[in-house]
Amino acid sequence: MADSFDPELRSAVMRRVRSTDTRPERVVRSLLHRMGYRFRLHRKGLPGRPDVVFPGRRKAIFVHGCFWHGHPGCPRAGRPATNRAFWDAKLDRNLERDAQALAGLFELGWSVLVVWECSVKRLDALETELRRFLENDASIKL
C-alpha cells in the first residue's frame, strides 16, 4: 500500500495519534454509560492497562485500532509499504504486547473483550455484544 501523504504530512498525522481517549474508545464508553454500566478507565495495576475496567465483575475491555493492533481481515489493518522494516517491527511488537496482556489478565482470572475500531460503527451489534460480555462469564473478541 503506497502512502498517499508526503513524509512531512505523514509525520504530522502520526504525531496526532492518541493512545487514550480515542474516538472509538469514547464511543464505547458512552454506549456503556447509556446502558447503565459504571466502570474505571486504564487501570494501571492490570496487564496491558485495559481501556475500560469493571473491577467488581473482573472484566476488562480493550478498544483496539484496526491498524495499530492488526485486525485480521480488516482493510484498515494493512501495513505501510514505505519504511517497511520499521513498521513491521513496531506492529509485530504491538501484537506481542497484546497477547501478553490478554494472557496476564486470563491468569489473574479476568474476562476480556476486545472491541475493534471498525465494529464501533454498528452500535446495535456492539451494544448486544457488550451486554452479552458483561452479563456472561466468557471472554470474546469482536
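Draft legend 1. Structural context of the environment of Leu32. Mapping Leu32 onto the fold places it in helix H2 (residues 23-34). Note: C-alpha distance between Leu32 and Leu130 (98 residues apart in sequence) is 7.8 Å. Leu32 has contacts with Tyr37, Phe39, Val52, Phe54, Ile61, Leu130 and Leu134, leaving out every residue within four places of it along the chain.

Draft legend 2. Geometry of the side chain of His69. Following the sequence through the fold, His69 ends up in helix H3 (residues 66-69). With residues near it in sequence (within four places) discarded, His69 still touches His64, Leu95, Asp98 and Trp116.

Draft legend 3. Structural detail: H2. Here H2 is twelve residues long and its end C-alpha atoms lie 16 Å apart, about the 16 Å a rise of 1.5 Å per residue gives. Pro24, Glu25, Val28, Arg29, Leu31 and Leu32 are the residues of H2 that are buried. Mapping the buried residues of H2 onto a view down its axis gives an arc of 160 degrees, with all of them on the same face. In the core, the buried residues of H2 are packed alongside strand E1 (40-41), strand E2 (52-54), strand E3 (59-64), strand E4 (111-116) and helix H5 (123-135). Gly36 sits one or two positions beyond H2 and adopts a positive phi of about 100 degrees.

Thresholds applied
Residues numbered from 1 in each chain as written. Predicted model: local features only at pLDDT ≥ 70, side-chain atom pairs only at ≥ 80, totals over all residues. Heavy atoms only, no water. Helix = DSSP H or I, 4+ residues; strand = E, 2+ residues; numbered from the N terminus. Contact = heavy atoms within 4.5 Å. Expected span 1.5 Å × (residues − 1). Buried < 20%, exposed > 50% of the residue type's maximum accessible area, 1.4 Å probe, protein only. Arc of directions from axis to C-beta.

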